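Chain and residue survey
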Amino acid sequence: MMTRAEVTELVVTQKLKKGLKWPAIAEVIGQSKEWTAAALLGQMTMTAEQAQAAGKLLDLPEDAVLQLQVTPYKGSLPTAIPTDPLIYRFYELVNVYGTTFKSLIHEEFGDGIMSAIDFKMDLARENDPAGDRVRIVMSGKFLPYKQY
């Protein structure tokens, strides 16, 4: 049986070999590109139907398809864990979606980073009958790595 880490490596390899982009994979899976990337990078649990669709598209073996349906141990970045509850939620967000952000940014812009210096953020309250929500919009300039 393949490990989840091995499945993730195989997914990335097959995606590259087939020249697929996350939106195309997401269309087949029936979810957003963000969720699909997170799931296939090991951070979400797929249904049997979603996993089978991914397996067929990416030519994954049956044990990989089964692993996509197992609840993952979430967290992909080896960093110190903050103790402040609010900051921890940002740590949790980056830990779960960090690989997705990285993959999607690199796919869209190339090899580089999103600036935290040339950066905009909008935080607002969204009224919701089920309880108010926090809305955060972040925008950072893309900075490509230079060749030298």
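Use the structure listed above.
All values reported here derive from a predicted model rather than from experimental measurement.

Our next topic: the nonpolar core. By size, the foremost hydrophobic cluster in this structure holds 24 residues, and its most contacted members are Trp22, Leu40, Met46, Leu60 and Leu68. Of all elements in the fold, only helix H1 (4-18), helix H2 (22-29), helix H3 (33-40), helix H4 (48-58), helix H5 (62-67) and helix H6 (85-109) reach the threshold of two or more residues within this core. Here this core gets 5 residues from one element, more than from any other, and that element is H3. In this structure tryptophan 22 touches Lys15, Lys33, Thr36, Ala37, Leu40, Leu41, Ser103, Leu104 and Glu107, once residues within four positions along its chain are discounted.

For the rest of this paragraph, the subject is the packing of aromatic side chains. Scanning the entire structure with this criterion turns up 3 aromatic pairs. A ring pair is formed by phenylalanine 109 and phenylalanine 142, whose centres lie 4.9 Å apart and whose planes are at 20°; its orientation type is stacked. With phenylalanine 109 in helix H6 and phenylalanine 142 in strand S2 (residues 133-144), this pair connects stretches of sequence that are 33 residues apart. Here phenylalanine 109 falls in the exposed class, since its relative accessible area comes to 52%.

Next up on the list: H1. An ideal rise of 1.5 Å per residue puts 21 Å on 15 residues; H1 measures up with 21 Å between its terminal C-alpha atoms. Along H1, the residues that are buried comprise Arg4, Val7, Thr8, Val11, Gln14 and Lys15. One side of H1 carries all its buried residues, which in axial view fall inside an arc of 130°. For H1, exposure combined with an orientation more than 90 degrees from the buried face picks out Ala5, Glu9, Leu16 and Lys17. Lining the buried residues of H1 we find H2, H3, H4, H5 and H6. Immediately beyond the C-terminal end of H1, within one or two residues, lies glycine 19, with a positive phi of roughly 65°.

For the coordinates displayed, the defined rule picks out 7 salt bridges. Within this structure, Asp122, Glu126 and Arg135 form a network of salt bridges that share partners.

Turning our eyes to something else, we now look at H6. Along H6, the sharpest change in direction is near 60° and occurs at tyrosine 97. Where H6 is concerned, the buried positions are Tyr91, Asn95, Val96, Gly98, Thr100 and Leu104. Residue aspartate 84 occupies the N-cap position of H6, its side-chain oxygen lying 3.1 Å from the main-chain nitrogen of leucine 86. Glycine 110 sits one or two positions beyond H6 and adopts a positive phi of about 110°.

Attention now moves to the pairing of strand S1 (residues 112-126). Pairing between S1 and S2: 11 bridges, direction antiparallel. When the bridges of S2 are listed, aspartate 122 appears paired with valine 137. A loop of 6 residues connects S1 with S2, the two strands running antiparallel in sequence, and glycine 131 in this loop sits at a positive phi of about 130°.

Scoring rules and cut-offs
- Residues numbered from 1 in each chain as written.
- Predicted model: local features only at pLDDT ≥ 70, side-chain atom pairs only at ≥ 80, totals over all residues.
- Heavy atoms only, no water.
- Core = buried A, V, L, I, M, F, W, Y, C linked by side-chain atoms within 4.5 Å.
- Buried < 20%, exposed > 50% of the residue type's maximum accessible area, 1.4 Å probe, protein only.
- Helix = DSSP H or I, 4+ residues; strand = E, 2+ residues; numbered from the N terminus.
- Contact = heavy atoms within 4.5 Å.
- Phe/Tyr/Trp six-rings, centres within 6.5 Å; stacked < 30°, edge-to-face > 60°.
- Expected span 1.5 Å × (residues − 1).
- Arc of directions from axis to C-beta.
- Salt bridge = Lys/Arg side-chain N within 4 Å of Asp/Glu carboxyl O.
- Bend = angle between axes of the 7 residues up to and from the residue.
- Polar contact = N/O pair within 3.5 Å; in protein donor to acceptor, adjacent residues only side chain to side chain.
- Pairing = 2+ DSSP bridges.

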